[in-house]
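A look at the structure
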Amino acid sequence: MQLGIIGLGRMGSNIAARLMKDGHTCVVFDANPAPGEALAKQGATSVGSLEELVEKLEHPAAVWSMLPAGKITEDTVIKLSELLSKGDCIIDGGNAYYKDDIRRAKMVAEKGIDYIDCGTSGGIWGLERGYCMMIGGDTAVVDRLDPIFKTLAPGVGTIGRTPGREGDFSRAEQGYIHAGPVGSGHFVKMVHNGIEYGLMQAYAEGFDILQNKVSDALPEDERFTLNMPDIAEVWRRGSVVSSWLLDLGASALVKNPDLSTFSGFVEDSGEGRWTVEAAIEESVSADVLTSALFTRFRSRKEHSFAERMLSAMRFGFGGHTEPGTAVDKKAH
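The sections below set out a description of the structure shown in this document. (Residues numbered from 1 in each chain as written. Predicted model: local features only at pLDDT ≥ 70, side-chain atom pairs only at ≥ 80, totals over all residues. Heavy atoms only, no water.)

This next bit is on the nonpolar core. The biggest cluster of nonpolar side chains holds 31 residues, and the ones touching the most others in it are Ile5, Trp64, Ile116, Met133 and Phe149. Looking at this core element by element, the count peaks at six residues for helix H1 (residues 10-21). Phe207, Leu245, Leu253 and Leu259 belong to the second largest nonpolar core, which has 25 residues in total. (Core = buried A, V, L, I, M, F, W, Y, C linked by side-chain atoms within 4.5 Å. Buried < 20%, exposed > 50% of the residue type's maximum accessible area, 1.4 Å probe, protein only. Helix = DSSP H or I, 4+ residues; strand = E, 2+ residues; numbered from the N terminus.)

Following this line, the structure appears as structure tokens:
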């Protein structure tokens, strides 16, 4: 299939590359021409404006926006709604707020344009591993674009089948789902990120306790100098707390055991806040997720080993470099 892609950052460029590897064609645009030029060498058609992008697309066209949530995405959707034709589709693959998706879908529907929100997880590893996707939108539109989603998804891979699942492998088993109507995809992704905050915080606090077991405040015979890289490594193998996040933390620790290259300043993408807001709206207790979010706020004032561990994991899965962090990207 053919797909227009707007926003060629860490994930946008890799999405285009993964699609082209599987035989799809891509028309790409970014305000910075460099990534488009690089993709053109791989077979993409790189353009210099949204107008030119739409001109190069066959109809019914599909355009994937991979831009930060907020004004830039809003302006892009409005502009696309003026350029696209009835039956075309806008896919927002960024981390947009689900209520904005619902509003935008109604806006473009007045012109006969379809809208899909696609929560996309995979970070900088998506080109190799594929992307876990949570998709919201009309069933017929999602089905029409299924070849795009199927290529981007990780596929069944080597993960064992969940007991009780039988027959053909479902979309979920291949790493993507049609979550429901417009907004549901980004809502599921939003909660996914909220959970991610809590998991990362649990690891960070646990490793902080391990790191500080050598403290002078403890009786001398209760002080242990623990090997942090080895602890992370052994937990990766057979432990119930093993996970990809732990893998990333272990990788950071083996290269820099005291995580001194990380500042401990931890940003939040916005989705953790939205998850807490949803919990409040639904009167659902979310103690861990809320605490994890507030800890990130605190990290911007004082830094501990726990915050450096959080920074290390964020860099590992998404290439996020926090202010004040001196990370050699080639070494990580």
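Read on for the rest.
Further remarks concern H1. Across its 12 residues, H1 extends 17 Å between first and last C-alpha, which sits within 8% of the 16 Å expected from 1.5 Å per residue. Most of H1 sits out of view: 10 of its 12 residues are buried. Turning to H1, its buried residues number three or more, namely Met11, Gly12, Ser13, Asn14, Ile15, Ala16, Ala17, Arg18, Leu19 and Met20. Phi turns positive, to about 95 degrees, at Gly23, one or two residues after H1. (Expected span 1.5 Å × (residues − 1).)

Here we take up the sheet that holds strand S7 (residues 132-136). Strands sit in the order S3-S2-S1-S4-S5-S6-S7-S8 across an open sheet of eight strands; the sheet is mixed. Since the sheet does not close on itself, it has two edges, and those belong to strand S3 (45-46) and strand S8 (176-180), each with one partner. Running at roughly 170 degrees to strand S5 (residues 89-92), helix H4 (residues 71-83) makes contact with strand S1 (2-6), strand S4 (62-65), S5 and strand S6 (114-121) of the sheet. The strands touched by helix H10 (residues 184-211) are S5, S6, S7 and S8; relative to S6, the strand with the most contacts, the crossing angle is about 20 degrees. (Pairing = 2+ DSSP bridges. Contact = heavy atoms within 4.5 Å. Axes fitted to C-alpha atoms, helices over the stretch in contact; angles between N-to-C directions.)

With respect to the element layout, Thr275 can be found in helix H13 (residues 271-282). Classification of Thr275 as buried rests on a relative accessible area of 7%. Reaching out from Thr275, the side chain makes a polar contact with the backbone oxygen of Glu271 at a distance of 2.8 Å. The residues contacting Thr275, other than those within four sequence positions of it, are Met190, Val191, Gly194 and Leu289. (Polar contact = N/O pair within 3.5 Å; in protein donor to acceptor, adjacent residues only side chain to side chain.)

Let's shift gears to the pattern of salt bridges. On inspection of all chains with the given rule, the structure shows 19 salt bridges. Measuring nitrogen to oxygen at the nearest pair gives 2.9 Å for the salt bridge that ties Arg103 to Glu74. Here Arg103 is found in helix H5 (residues 98-109), whereas its partner Glu74 is found in helix H4, with 29 residues between them in sequence. The class for Arg103 is partly exposed, based on a relative accessible area of 38%. With relative accessibility at 17%, the residue Glu74 sits in the buried group. Here the salt bridges share partners, and the residues they tie into one network are Glu74, Asp92, Asp100, Arg103 and Arg104. (Salt bridge = Lys/Arg side-chain N within 4 Å of Asp/Glu carboxyl O.)

Looking along the chain, the bond that leaves His59 and enters Pro60 is cis, with omega of 5 degrees. Here Pro60 shows up in the loop between helix H3 (50-55) and S4. Backbone geometry places Leu259, a non-glycine residue, at a positive phi of 55 degrees. Among the structural elements, Leu259 can be located in the loop between helix H12 (244-255) and H13. Positive phi is not limited to glycine here, since Ser283 has a value of about 55 degrees. Assignment of secondary structure puts Ser283 in the loop between H13 and helix H14 (287-299). A relative accessible area of 69% places Ser283 in the exposed class.

Time to look at the packing of H10 against H14. The N-to-C vectors of H10 and H14 enclose an angle of 75 degrees; their axes lie 8 Å apart at closest approach. When the interaxial angle is binned, H10 and H14 end up roughly perpendicular. Each of Gly194, Ile195, Tyr197, Gly198, Met200 and Gln201 in H10 lies in contact with H14, whose residues at this interface are Val288, Leu289, Ala292, Leu293, Thr295 and Arg296. Partitioning the contact of H10 with H14 into residue classes produces seven nonpolar, four polar and one charged. (Parallel < 35°, antiparallel > 145°, perpendicular 65-115°, else oblique. Nonpolar A, V, L, I, M, F, W, Y, C, P; charged D, E, K, R; others polar.)

Of the two faces of S4, the one lined by Ala62 and Trp64 and the one lined by Val63 and Ser65 are each fully buried. Relative to S5, S4 runs parallel, the two sharing four bridges. Paired with Ser65 across the two strands is Asp92, which belongs to S5. Between the parallel pair S4 and S5, the chain is carried across by H4, and the sense of this crossover is right-handed. (Right-handed = clockwise from strand over helix to strand, strands pointing away.)

This structure, assessed with the given rule, holds zero disulfides. Here Cys26 is not cross-linked by a disulfide; its sulfur's nearest cysteine counterpart is in Cys118, at 14 Å. No disulfide involves Cys89; its nearest neighbouring cysteine sulfur is the one of Cys118, lying 11 Å away. Take Cys89: its relative accessible area is 0%, and that puts it in the buried class. (Disulfide = S-S within 2.5 Å.)

The next thing to look at is the packing of aromatic side chains. Evaluation of the coordinates by the stated rule reveals seven aromatic pairs. Aromatic pair Trp64 and Phe149: ring centres 6.3 Å apart, planes at 50 degrees, arrangement tilted. With Trp64 in strand S4 and Phe149 in helix H8 (residues 146-152), this pair connects stretches of sequence that are 85 residues apart. Residue classification places Trp64 among the buried residues on the basis of a relative accessible area of 0%. Looking at Phe149, the relative accessible area reads 0%, which means it is buried. Seen in terms of ring centroids, Phe294 and Phe297 are 5.8 Å apart; in terms of plane orientation they differ by 35 degrees. Their pairing is tilted. Of the two residues, Phe294 and Phe297 both sit in helix H14, three residues apart, roughly one turn of that helix. Judged by relative accessible area, Phe294 falls into the partly exposed class, the value being 49%. On the basis of relative accessible area, Phe297 is assigned to the partly exposed category, the value being 28%. Members of the aromatic cluster, connected to one another through ring pairs, are Tyr97, Tyr98, Phe187 and Trp274. Here the guanidinium or amino end of Arg161 rests over the ring plane of Phe169, the centre of that ring lying 4.2 Å away. When the ring centre of Phe224 is taken as reference, the NZ or CZ atom of Lys213 above it lies at 5.2 Å. (Phe/Tyr/Trp six-rings, centres within 6.5 Å; stacked < 30°, edge-to-face > 60°. Lys NZ or Arg CZ within 6 Å of the ring centre and 35° of its normal.)

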